[in-house]
2 protein chains.
Amino acid sequence: MGLLIVGSIALDSVETPFDKVENALGGSTTYISLASSYFTYPIHIVGVVGEDFPAEYIEMLENHEIDTEGLQIIPGGKTFRWGGRYHYDLNVRDTLFTDLNVFENFDPIIPEKSKKNSFVLLGNIVPSLQNKVLDQLENPKFVVCDTMNLWIETTKDDLLDVLKRVDVLIINDSEARLLSNEPNLIKAAKIIQTLGPKYLIIKKGEHGALLFNDTTIFSAPAYPLENIYDPTGAGDSFAGGFIGYLHQTRDLSFENLKRAVIYGSALASFCVEQFSTKGIEYLDKLQIHDRFLEFRELSRFDDDE
Amino acid sequence: MGLLIVGSIALDSVETPFDKVENALGGSTTYISLASSYFTYPIHIVGVVGEDFPAEYIEMLENHEIDTEGLQIIPGGKTFRWGGRYHYDLNVRDTLFTDLNVFENFDPIIPEKSKKNSFVLLGNIVPSLQNKVLDQLENPKFVVCDTMNLWIETTKDDLLDVLKRVDVLIINDSEARLLSNEPNLIKAAKIIQTLGPKYLIIKKGEHGALLFNDTTIFSAPAYPLENIYDPTGAGDSFAGGFIGYLHQTRDLSFENLKRAVIYGSALASFCVEQFSTKGIEYLDKLQIHDRFLEFRELSRFDDDE
């Protein structure tokens, strides 16, 4: 059974201290599906775009063997557009504009053939829609969910409903602190795990990521990047690499989840090396595995006994 | 040949959200020498205190087989006192007072027998004094140096002179950015390495530490602490564990430096579990090695091939 990915599809205008692009391919579904396409298939995406959405972008996704049957193209509609500007240190960004357009009335309808998908990645959309996606599925085996500060602050009850239904929650450190109301990340993780998710991943940007189950913690290093051209999509590329590897291996042991976190980190590191989705459009498996091995070398040390 | 440690000795008054202590044992020399005492001997300290310095503190250091011949006790003088208050998240602290007292005129005189010490830890003191210490030594084999924002901002030229003479610089991430004038830590490390140190360690608090040589990076995880009682002395305990292990093993390979970073991290994690030096006064070797193994488990993952 396949991998279902539901989230946003956007045209992004991004400025960094180095360069700028306009109407580049963006959105969580886009990054997640591209990142996971190096590991597994079939991948089914569900999302919405306007009539203005460039056909070449759909073609590029299909060339990665991503099934776009669930992609709704609204006649006369305009695609979701987001504009952002990154500061000098690339850790802070300002949103310049958010034009939801057709995304405002997004109704995620899962195609019949995709309802039996066993692995599901709920990209960062309003929690009530994440719930609606889950309602349509027939007994999914493994559900991974992303969210953001906005939903924790404005629709927490809906989010808590989603969390009862997911296997893995992926959030960043500030979101973890906000969701748990606890500054210590280790305590925050314990609190969040009582809300439902069997596993929790806390992304820490340039400091790597933490994976928690109920008894164990895995600390993944960050790839030492000297040149980050565009941080947009890093978190979604992480999620895509993570679930793509798990769907490929069908092994949900903690040891394999650790490897999945490293593959997710690898895809995130490729993503930020170029603008928009360019960093994850032209990869190959050998290149990805080489980076996996670099992560291993980065954090490996031997006992002295 | 022994290990020489030069730095401050203080009486600290510390408030955290959990508790407070007054006139507790503090200072970089204190934490460094205690942490290193679990690994090696002889350890010689050089520092200054006033007549008010409690004899029981000196006795406690001597019970750890730390040689206090280089400890100057100024008749009629008052010991350096520092007061600080930690915020709720323990990542931010306010300095409440700094009474330098006898530390203001500290003249680090190295006892004759200690001039041949092969390993030297220059704790965080004004760089001109760090230079003066090095001037007195006979061809030290391995010099590790700590510093702080204040010296980078006010006495940078003296600091640059010190850096030409040290093997390892240990600083935190904000100090690395300040010293290099570069926000990207990987680029910052390269810039700092051109200033002299063969190895650089960047401490990142709750995010672990990075060790750099000219070609390789090692990323050490942070120990997942739920309860941090007092962060004071964590960096100095790190430095003590690091140089203590290296002095014990006399192995300066990069592989062994990695292990030393983990032992340093282990000592720092014990330090913050209790107030003042209490967390590193009553350890044993087995306990320290067990924590080393916990660090290994925390970051270990296997290849899937």
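Residues numbered from 1 in each chain as written. Chains lettered and ligands numbered in written order. Predicted model: local features only at pLDDT ≥ 70, side-chain atom pairs only at ≥ 80, totals over all residues.

Visitor: It is not clear to me how the overall build of chain A should be interpreted in this structure. Could you clarify?
Guide: Looking only at helices and strands, one finds 10 helices and 13 strands in chain A. Against the globule reference of 19 Å for 305 residues, chain A gives a C-alpha radius of gyration of 18 Å, in line with a compact fold. Each principal axis of the C-alpha atoms in chain A carries an extent, and together these give about 70 × 45 × 35 Å. Of all 305 residues assigned to chain A, the portion counted as buried reaches 49%. (Helix = DSSP H or I, 4+ residues; strand = E, 2+ residues; numbered from the N terminus. Rg over C-alpha atoms; globule rule 2.2 N^0.38 Å. Buried ≥ 20, exposed ≤ 12 C-beta atoms within 10 Å, placed from the backbone.)

Visitor: Even after reading the chapter, I still don't get the interface of chain B and chain A, so can you show me in this structure?
Guide: When the parts come together, some accessible area is lost, and that loss is often what is quoted as the size of the interface. Between chain B and chain A, the contact holds 28 residues from the first and 28 residues from the second. Those elements that place two or more of their residues in the side of chain B that touches chain A are α7 (185–193), β13 (217–220), α9 (254–271) and α10 (285–299) of chain B. Among the elements that line the side of chain B that touches chain A, the one with the most residues is α9 of chain B, at 4 residues. (Contact = placed C-beta atoms within 7 Å.)

Visitor: Sorry, what's going on with the environment of glycine 26 of chain B here?
Guide: All names here are of chain B. Along the chain, glycine 26 falls in strand β3 (residues 20–26). It is 15 Å that separates the C-alpha atoms of glycine 26 and glutamate 273, two residues lying 247 residues apart in sequence. Once you skip the residues sitting within four places of it in the chain, glycine 26 turns out to touch Ala10, Leu11, Asp12, Trp82, Thr232, Gly233 and Ser276.

Visitor: Just checking my understanding: could you explain the pairing of strand β11 (residues 199–203) of chain B for this structure?
Guide: Side chains on a regular strand alternate between the two faces of the sheet. Residue and element names in this part refer to chain B. Here β11 lies mainly inside the structure; 4 of its 5 residues are buried. Sheet topology places β11 next to strand β12 (residues 209–212); 4 bridges connect them, and they run antiparallel. Bridging across to β12, isoleucine 201 finds its partner in leucine 211. Taking the residues between adjacent antiparallel strands as the criterion, β11 and β12 are bridged by 5 residues, where glycine 205 takes a positive phi near 55 degrees. (Pairing = 2+ DSSP bridges.)

Visitor: Any chance you could explain the environment of lysine 116 of chain A here in plain terms?
Guide: All names here are of chain A. Following the sequence through the fold, lysine 116 ends up in the loop between β7 (93–99) and β8 (119–122). In this structure the C-alpha to C-alpha distance between lysine 116 and leucine 137, which are 21 residues apart in sequence, comes to 6.3 Å. Discounting residues that sit within four places of it in the chain, lysine 116 has contacts with Met1 and Glu138.

Visitor: Would you mind showing me how to read the nonpolar core here?
Guide: Most often, soluble globular proteins have nonpolar side chains that are buried together. Val144 and Val261 of chain A together with Val144 and Val261 of chain B are the most contacted members of the largest nonpolar core, which has 182 residues in total. Dropping the residues within four chain positions of it, valine 144 of chain B is found in contact with Leu121, Leu122, Val166, Asp167, Val168, Ile170, Ala239 and Ile243 of chain B. (Core = buried A, V, L, I, M, F, W, Y, C linked by C-beta atoms within 7 Å.)

Visitor: Sorry if this is basic, but what is going on with the sheet that holds strand β1 (residues 3–6) of chain A here?
Guide: Strands belonging to one sheet form pairs held by backbone hydrogen bonds; the direction of such a pair is parallel or antiparallel. Residue and element names in this part refer to chain A. Reading across the sheet, the 9 strands line up as β5-β4-β1-β8-β9-β10-β11-β12-β13 and stay open at both edges, with mixed pairing between neighbours. Edge positions in the open sheet fall to β5 (66–74) and β13 (217–220), since each of these has one partner strand only. Averaged over all pairs of adjacent strands, the angle between strand axes in this sheet comes to 15 degrees, irrespective of strand direction. In terms of strand pairing, strand β4 (residues 43–50) meets β5 through 7 bridges, oriented parallel. In the strand pairing of β5, glycine 50 is matched with isoleucine 74. (Axes fitted to C-alpha atoms, helices over the stretch in contact; angles between N-to-C directions.)

Visitor: Could you clarify how one ought to interpret the sheet that holds β12 of chain B in this entry?
Guide: Residue and element names in this part refer to chain B. Strand order in the open sheet formed by 9 strands is β5-β4-β1-β8-β9-β10-β11-β12-β13, and the pairing between neighbours is mixed. The sheet terminates laterally at β5 (66–74) and β13, the two strands that pair on one side only. The average angle at which neighbouring strand axes cross in this sheet is 15 degrees, direction not considered. As defined by bridge partners, β12 adjoins β13 across 4 bridges and the pair is classed as antiparallel. The residue of β13 that forms the bridge with leucine 211 is phenylalanine 218.

Visitor: Please explain the packing of helix α9 (residues 254–271) of chain A against helix α10 (residues 285–299) of chain A as it appears in this structure.
Guide: Each pair of packed helices can be summarised by the angle the axes make with each other and by the distance between the axes. Residue and element names in this part refer to chain A. Relative orientation of the contacting elements α9 and α10 amounts to 110 degrees, with a least axis distance of 9 Å. Between α9 and α10, the angle falls in the class roughly perpendicular. For the crossing formed where α9 meets α10, the hand is right-handed. Between α9 and α10, the contacting residues are Ile262, Tyr263, Ser265, Ala266 and Ser269 on the first element and Ile288, Arg291, Phe292 and Phe295 on the second. Grouping the amino acids of the contact of α9 with α10 by side-chain chemistry returns 6 nonpolar, 2 polar and 1 charged. (Parallel < 35°, antiparallel > 145°, perpendicular 65-115°, else oblique. Left-handed = near helix turned anticlockwise from the far one by under 90°. Nonpolar A, V, L, I, M, F, W, Y, C, P; charged D, E, K, R; others polar.)

Visitor: In this structure, what is going on with the relation of the copies chain B and chain A? I would like to understand it.
Guide: Two copies of one chain are present, and they are related through a rotation about an axis combined with an axial shift. With an RMSD of 0.0 Å, the operation that places chain B on chain A is a rotation of 180 degrees combined with a shift of 0.0 Å along the axis. The operation mapping one copy onto its partner corresponds to a two-fold rotation axis. Rotation axis and chain B: the residue whose C-alpha lies nearest the axis is histidine 207 of chain B, separated from it by 3.0 Å. In this assembly, 100% of the residues forming the interface of chain B have copies in chain A that are likewise at the interface, indicating an isologous arrangement. (Least-squares fit on C-alpha atoms with pLDDT ≥ 70 in both.)

Visitor: I'm lost on helix α3 (residues 127–136) of chain B in this one. Help?
Guide: Note that an α-helix has 3.6 residues per turn; residues three or four places apart therefore point the same way. Residue and element names in this part refer to chain B. Of all the residues in α3, the buried ones are Pro127, Gln130 and Val133. In a view along the axis of α3, the buried residues occupy a sector of 110 degrees, so they form one face of it. Summarising the contacts, the buried residues of α3 are in contact with β1 (3–6), β8 (119–122), β9 (142–146), α4 (149–154) and α5 (156–163). (Arc of directions from axis to C-beta.)

Visitor: Is there a simple way to explain the environment of leucine 160 of chain B in this structure?
Guide: Residue and element names in this part refer to chain B. Mapping leucine 160 onto the fold places it in helix α5. We classify leucine 160 as partly exposed; it has 14 C-beta atoms within 10 Å. Separated by 32 residues in the primary sequence, leucine 160 and isoleucine 192 have C-alpha atoms spaced 9.9 Å apart.

Visitor: Whenever I open this one, the confidence of the model for chain A confuses me. Can you help?
Guide: For any part of a model where pLDDT is low, the fine detail of the predicted coordinates should not be relied upon. Per-residue confidence for chain A averages 95 on the pLDDT scale, and 100% of its residues sit at or above 70. Across the predicted assembly, pTM comes out at 0.95 and ipTM at 0.92. (pLDDT = per-residue confidence, 0-100.)

Visitor: Sorry, what's going on with α10 of chain A here?
Guide: If you check α10 of chain A, its first and last C-alpha atoms are 22 Å apart, about what 15 residues at 1.5 Å a residue would give, namely 21 Å. Three or more residues of α10 of chain A are buried, namely Ile288, Phe292, Phe295, Leu298 and Ser299 of chain A. Down the axis, α10 of chain A shows its buried residues gathered within 120 degrees of arc, on one side only. Exposed residues lying more than 90 degrees from the buried face of α10 of chain A are Leu286, Asp290 and Glu297 of chain A. Each element contacted by the buried residues of α10 of chain A is listed here: α9 of chain A together with β13 and α10 of chain B. (Expected span 1.5 Å × (residues − 1).)

Visitor: Please explain unusual backbone geometry as it appears in this structure.
Guide: It is generally the case that most residues other than glycine have a negative phi and that most peptide bonds are trans. In this structure, proline 42 of chain A follows tyrosine 41 of chain A across a cis peptide bond, with omega equal to -5 degrees. By the element assignment, proline 42 of chain A lies in the loop between α1 (28–36) and β4. Phi is positive for serine 276 of chain A, close to 50 degrees, though the residue is something other than glycine. Position of serine 276 of chain A among the secondary structure elements: in the loop between α9 and α10. Among the residues examined, serine 276 of chain A registers 22 C-beta atoms within 10 Å and is labelled buried. You will see that asparagine 101 of chain B, though not glycine, has its phi angle at about 50 degrees, which is positive. Residue placement: asparagine 101 of chain B occurs in the loop between β7 (93–99) and β8. Asparagine 101 of chain B gets classed as partly exposed once you count the C-beta atoms within 10 Å, which come to 19.

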